Amino acid sequence: MTESTPIIEVVDVSQSYQTSDGVIRALSDVTLQVQEGEFVSLVGPSGCGKSTLLNVVAALLRPTSGVVRYRGDDHIEPRSEFGVMFQAPILLPWRSLEENVRLPGEILGIPEEVLTSRVDEVLEMTGLEEFRAKYPWELSGGMAQRASLCRLLASDPEILLLDEPFGALDEFTRESLDDELLRIWRGTNKTAMFVTHNIGEAVYLSDRVVVMTPRPGRIAKVLPVQLPRPRAASMLRDRNYLDMVFEIRGMLGVATT
Ligand SMILES: Nc1ncnc2c1ncn2[C@@H]1O[C@H](COP(=O)(O)OP(=O)(O)OP(=O)(O)O)[C@@H](O)[C@H]1O
Ligand SMILES: [Mg+2]
């Protein structure tokens, strides 16, 4: 393996689903390389296969054709280096918020004290500390999403696969969690693939933004983001930021005039 081996390679991946209405082609010939430590966002219209692509990358779904590689090796079985935050926060109803957050760490055998301190840290970071003993049905949609983010971070995976993690949050909370996520990502040299409908959020967070076409999802364009790190809210009026948001809006057919 050389230093330039991408941590994730998606090679000619296509995905079709058999449904009662026939075959649905969700992804078509998607090829993408992600380098270790990169932050890559996926944007595209609803139903273009973004969640499908994340599931394929996580090896939760075997693609109809094509391959995914992890550090140069075929990636067929799910592995602990990949952490997924699903679009719908699936929390176990018989476990409290804290117990849900601990679960993957327990399964992975992370030592008790390490896990406890990580759980405390992520609950504090997301403002969920005072709700730690609550059960999933006692949480708001936004709280459940934050709990799901905590669960992902508490097991400390090398690769973060995040499927619209902050879609149910108000703008203020979303922006502060975006910044927290960036802080964690930078501080731990993780690699992130982030799905969002929010074009501005994709640009703000990412090194590259992958713009997908309507179904079957293909990669329309991969745009490098010309903004320095660390990112800050003041960049939201930077010319490079605004130009890129408008370029992507144009590509996705969102009004630009
Ligand atoms: N398990 C499945 N069985 C059948 N069809 C599916 C399945 N999962 C997804 N699809 C279909 O594949 C297409 C892509 O779905 P996917 O969930 O990947 O899109 P998406 O880009 O994540 O959309 P959204 O932005 O709405 O979350 C859609 O047409 C969807 O109906
Ligand atoms: Mg989706």
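Now for a look at the structure at hand. Note that the structure is a prediction, hence the values are computed from the model and not measured. (Residues numbered from 1 in each chain as written. Chains lettered and ligands numbered in written order. Predicted model: local features only at pLDDT ≥ 70, side-chain atom pairs only at ≥ 80, totals over all residues.)

Digging into the sheet that holds strand β8 (residues 191–195)
Strand pairing in a sheet takes place through backbone hydrogen bonds and is either antiparallel or parallel in direction. Spatial strand order, β6-β7-β8-β3-β9-β10: six strands in an open sheet with mixed pairing. In this open sheet, the two edge strands, each paired with only one partner strand, are β6 (82–85) and β10 (219–224). Sheet twist, expressed as the average angle between the axes of neighbouring strands with direction ignored, equals 15°. Where β6 lies against strand β7 (residues 159–163), four bridges are found, and the strand directions are parallel. (Pairing = 2+ DSSP bridges. Helix = DSSP H or I, 4+ residues; strand = E, 2+ residues; numbered from the N terminus. Axes fitted to C-alpha atoms, helices over the stretch in contact; angles between N-to-C directions.)

Re the nonpolar core
The biggest cluster of nonpolar side chains holds 60 residues, and the ones touching the most others in it are Val57, Cys150, Leu161 and Met193. Among the elements that make up this core, the one with the highest residue count is helix α4 (residues 141–154) (eight residues). Among the domains, domain 1 (1–73 + 159–166 + 188–257) and domain 2 (82–157) are the pair contributing at least three residues each to this core. Other than its neighbours up to four places away in sequence, valine 57 contacts Ile8, Val10, Val68, Leu161 and Met193. (Core = buried A, V, L, I, M, F, W, Y, C linked by C-beta atoms within 7 Å. Buried ≥ 20, exposed ≤ 12 C-beta atoms within 10 Å, placed from the backbone. Domains from an automatic or database assignment. Contact = placed C-beta atoms within 7 Å.)

Considering unusual backbone geometry
Across the junction of arginine 215 and proline 216, the peptide omega takes the value -5°, indicating a cis bond. Relative to the elements of secondary structure, proline 216 occurs in the loop between β9 (208–212) and β10. Look at the link from arginine 229 to proline 230: it is a cis peptide, with omega at -5°. Residue placement: proline 230 occurs in the loop between β10 and α7 (239–252).

Quick notes on the pairing of β8
The element β8 is extensively covered by neighbouring structure, given that five of its five residues are classed as buried. Along β8, one buried face is formed by Thr191, Met193 and Val195 and the opposite face, lined by Ala192 and Phe194, is buried too. The pairing of strand β3 (residues 39–43) with β8 spans four bridges and is parallel. Residue pairing for β8: valine 40 is matched across the bridge by methionine 193. As paired elements, β7 and β8 share five bridges and run parallel to each other. Looking at the pairing, isoleucine 159 lines up with threonine 191 of β8. You can see the chain leave β7, run along helix α5 (residues 171–188) and come back into β8, and the turn it takes is right-handed. (Right-handed = clockwise from strand over helix to strand, strands pointing away.)

Re the site of ligand 1
Of all residues adjacent to ligand 1, which total 14 residues, the nearest are Tyr17, Ser46, Lys50, Ser51 and Thr52. When residues of the shell around ligand 1 are traced back to their parent elements, those giving at least two are β1 (8–19), β2 (22–34) and α1 (50–57). Within the shell around ligand 1, the residues separate by chemical class into four nonpolar, eight polar and two charged. (Near = placed C-beta within 6 Å. Nonpolar A, V, L, I, M, F, W, Y, C, P; charged D, E, K, R; others polar.)

Looking at the sheet that holds strand β4 (residues 65–70)
The sheet built from four strands is open, its strands ordered β2-β1-β4-β5 with antiparallel pairing. Edge positions in the sheet fall to β2 and β5 (73–74), since each has one partner strand and no second. Looking at chain direction, β4 and β5 are connected through two bridges and run antiparallel. Across the sheet, the residue bridging to arginine 69 is aspartate 74, located in β5. Across the sheet, α1 is in contact with β1, β2 and β4; its angle to β1 comes to roughly 120°.

Section: the environment of threonine 257
Among the secondary structure elements, threonine 257 is positioned in the segment after α7. On the neighbour-count criterion, threonine 257 (4 C-beta atoms within 10 Å) is exposed. With eleven residues separating them along the chain, threonine 257 and phenylalanine 246 place their C-alpha atoms 9.7 Å apart.

Overview of the environment of leucine 149
With respect to the secondary-structure elements, leucine 149 resides in helix α4. When the C-alpha positions of leucine 149 and leucine 177 are compared, they lie 9.7 Å apart, and in sequence the two are 28 residues distant. Setting aside residues up to four positions removed in sequence, leucine 149 forms contacts with Met85, Thr126 and Pro165.

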